[in-house]
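Listed below, chain by chain, are the residues.
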Amino acid sequence: LVLLDHLLREKAVKKFLTIENNFLKRMFYNLDNRIFTMPNYKSGKTDEILEKHGLDKSRFTFEISERHELSSNFNIESLAKYYKYRNYKIAIDDFGTGFSGLQLLYHTNADIIKLDRFFIADIERKPKKRIFVSNIIKLAHILGIKVIAEGIETKAEYYTCLNIGCDMAQGYYIQKPQQDVGELCHQYMHIQELTGQNRRSISPDSTILRQHITEISPIPIKNCNIHKIFESFK
């Protein structure tokens, strides 16, 4: 499995670099957690592959999936720190459906989490899912983590994920998976149009907004206490 994984990494990097005009900013690669406990695993192979083909590490993101259970003998926190130290980005794939859940988020110091399709399907009709997702997003943003909604297949799912704060999205509604890199879109005009319509529908008129703005004097830091700050905000 380790040898197969190395071959797949190199194949993926080579294909990524064939994309015209290099318009994709980042490559995501799914790690199989099981390889790290195998006797023939050695670190540093990805460095060799990227250096060989001239791809900057900052553009390469490792996806750690929750779908494979992590061995009790395997320190995922150390692995994540190692990759972060070497300027790789970390994403947690299929977030919310696997074995480790929030524990994986806590230990990895991830840059991105990808919400599993389970939470996205029919989210516009299921308030419980919206509560779960909106609170995951709030927690992620507090920790400085971006959130990708996976598996968006309808306009309603897209709008809901946009309005509750997802940073990015993927799914059939945007574009289906492609083997031919020439079929990848530089821009998704239908998404841009929907986003523009949504902003127009929820944004208040700027003139009305300005009428309700009140100038408040700044609070002097010197000789200030929490009581004064609280009263000012009240």
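Residues numbered from 1 in each chain as written. Predicted model: local features only at pLDDT ≥ 70, side-chain atom pairs only at ≥ 80, totals over all residues. Heavy atoms only, no water.

Section: the sheet that holds strand β3 (residues 89–95)
Defined as follows: Here the rule is simple: two strands pair whenever DSSP picks up at least two bridges between them. A run of H or I in DSSP counts as a helix once it spans at least four residues, and a run of E counts as a strand once it spans at least two, with each numbered from the N terminus.
The six strands are arranged β1-β2-β3-β4-β5-β6 in an open sheet whose pairing can be described as parallel. At either end of the open sheet lies a strand with only one pairing partner, and these are β1 (27–31) and β6 (168–169). Where strand β5 (residues 146–149) lies against β6, two bridges are found, and the strand directions are parallel. Opposite I148, over in β6, you have M168 as the bridge partner.

Quick look at the pairing of strand β2 (residues 60–65)
Quick reminder of the rule: Throughout this description, buried means an accessible area under 20% of the type-specific maximum (1.4 Å probe, protein chains only), exposed means over 50%, and partly exposed covers the range between. By convention, a crossover is right-handed whenever its connection, traced from the first strand over the helix to the second and viewed with the strands pointing away, goes clockwise.
For β2, the tally of buried residues reaches six of six residues, placing the bulk of the element in the interior. Burial along β2 is two-sided: the face carrying F60, F62 and I64 and the face carrying T61, E63 and S65 are both buried. Alignment of β1 against β2, held across five bridges, turns out to be parallel. What sits directly across from L31, in β2, is I64. Read from β1 through helix α2 (residues 45–53) to β2, the crossover connection turns out right-handed. Here β2 pairs with β3 via five bridges, running parallel. In the sheet register, S65 faces β3, and the bridge partner there is D93.

Notes on the environment of Q170
Stated precisely, the cut-off is as follows: When checking whether two residues touch, look at their non-hydrogen atoms; a contact exists if any pair is within 4.5 Å.
Among the structural elements, Q170 can be located in the loop between β6 and α8 (189–202). Separated by 56 residues in sequence, Q170 and K114 place their C-alpha atoms 9.4 Å apart. Not counting the four nearest positions on each side in its chain, Q170 is found in contact with K114, I148, A149, E150, G151 and I152.

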